[in-house]
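# Structural characterization, general
As a plain string of letters, each chain reads:
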Amino acid sequence: MTQVLLEICCGSIDDAIEAEKGGADRVELCSALFLGGLTPSLGTIQETKRRLKIPVMVMVRPRGGGFAYTEAEMASMERDAEAAIENGADGVVFGILQSDGSIDVARCRRIRRLIGTRQAVFHRAFDVTPDPFEALEQLVDLGMTRVLTSGQKESGPEGVDLIKTLIERAGNRIEILPGAGIQLWNLKEIVERTGCRQVHLTAWITVSDTSTQARPAITFGGALYPPEDRYQKTDANLVRQLAGMLRS
């Protein structure tokens, strides 16, 4: 297999540390991965950049639930993008749509200008655009570095046909980064079927945190009530297996 770049999606600084330890080539730094990833705290960005040697892509997304933002949210995104760049982010990950699902070119351009010469990544908002090929050309025109996509399906393995087509259409104009639902057992197939040169995935294990044991009935996660005595963390050993497969 031709060497393929491995990007690990991280929801915390410990995730990022484990990802680098396991051999990841790049990390995407977020918070709230349960919501698909939101903007991480400034402290998390600063400390991650201080501790890691590999590139760190910082998510700029103010909330979950769609990608058409108010002007106040847009202003917040601009400040977050500026702060990420000022604190050493190697790139910014974002996506802004209009109410009909098409790319909001004007607003994306505002963020793109703030990123300057750093990498500009359009996230999986791409996967709900009504015309992926029109969207791709708009992102090329905006000067985006790459687009993260599951091929407009629930997962990358389901969207391999469109991902392959996007890679062929993109050529050297923009990078296509397959993501969502890619795991150790299907990684090789995704690479072979799409011809991709990079992949994006999580590499989690569940870790116990006993600090809530005195009141186990109390939850903080809303109606879904996720357990409070455990959380997911990137596993360096799993990252090592993934990296080994891609470099074998």
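Our structure's up above, just so we're on the same page.
Below you will find a few notes about this structure. (Residues numbered from 1 in each chain as written. Predicted model: local features only at pLDDT ≥ 70, side-chain atom pairs only at ≥ 80, totals over all residues. Heavy atoms only, no water.)

## Description of the overall build of the protein
Looking only at helices and strands, the protein features eight helices and ten strands. For a compact globule of 248 residues, the expected C-alpha radius of gyration is about 18 Å, and the protein comes in at 18 Å, within 12% of that figure. The buried share of the protein, taken over its 248 residues, is 46%. Counted over contacts in the protein with a minimum sequence separation of 6, partners at least 24 positions apart contribute 67%. (Helix = DSSP H or I, 4+ residues; strand = E, 2+ residues; numbered from the N terminus. Rg over C-alpha atoms; globule rule 2.2 N^0.38 Å. Buried < 20%, exposed > 50% of the residue type's maximum accessible area, 1.4 Å probe, protein only. Contact = heavy atoms within 4.5 Å.)

## Some thoughts on the environment of Gly36
With respect to the helices and strands, Gly36 occurs in the loop between β2 (26–29) and α2 (42–51). The sequence separation of Gly36 and Arg63 amounts to 27 residues, and the corresponding C-alpha distance is 9.6 Å. Beyond its immediate sequence surroundings of up to four residues, Gly36 is in contact with Met59 and Arg61.

## Re the pattern of salt bridges
A side chain with one charge can pair with a side chain of the opposite charge if their charged atoms come near. Across all of its chains, the model carries 17 salt bridges by this definition. Of the charged contacts, one joins Lys164 and Glu168 as a salt bridge, the two residues approaching to 2.6 Å between their closest N and O atoms. One end of the pair, Lys164, and the other, Glu168, are both in helix α6 (residues 160–170), four residues apart, so they sit about a helical turn from each other. For Glu168, a relative accessible area of 52% corresponds to the exposed category. The structure contains a network of salt bridges with shared partners spanning Glu71, Glu78, Arg107 and Arg110. (Salt bridge = Lys/Arg side-chain N within 4 Å of Asp/Glu carboxyl O.)

## A short note on helix α7 (residues 187–194)
Leu187, Ile190, Val191 and Thr194 are the residues of α7 that are buried. Seen end-on, α7 carries its buried residues on one side only, within an arc spanning 95°. Lining the buried residues of α7 we find α6, β8 (198–201) and α8 (236–247). Looking one or two places after α7, you find Gly195, whose phi comes out positive at around 75°. (Arc of directions from axis to C-beta.)

## A closer look at the packing of α7 against α8
Following both chains from N to C, one finds α7 and α8 inclined at 35°, their axes separated by 10 Å at the closest point. Once α7 is placed against α8, the crossing between them reads as right-handed. Where α7 abuts α8, its residues Leu187, Lys188 and Val191 lie against Leu242, Met245 and Leu246. Considered class by class, the residues forming the contact of α7 with α8 number five nonpolar, no polar and one charged. (Axes fitted to C-alpha atoms, helices over the stretch in contact; angles between N-to-C directions. Left-handed = near helix turned anticlockwise from the far one by under 90°. Nonpolar A, V, L, I, M, F, W, Y, C, P; charged D, E, K, R; others polar.)

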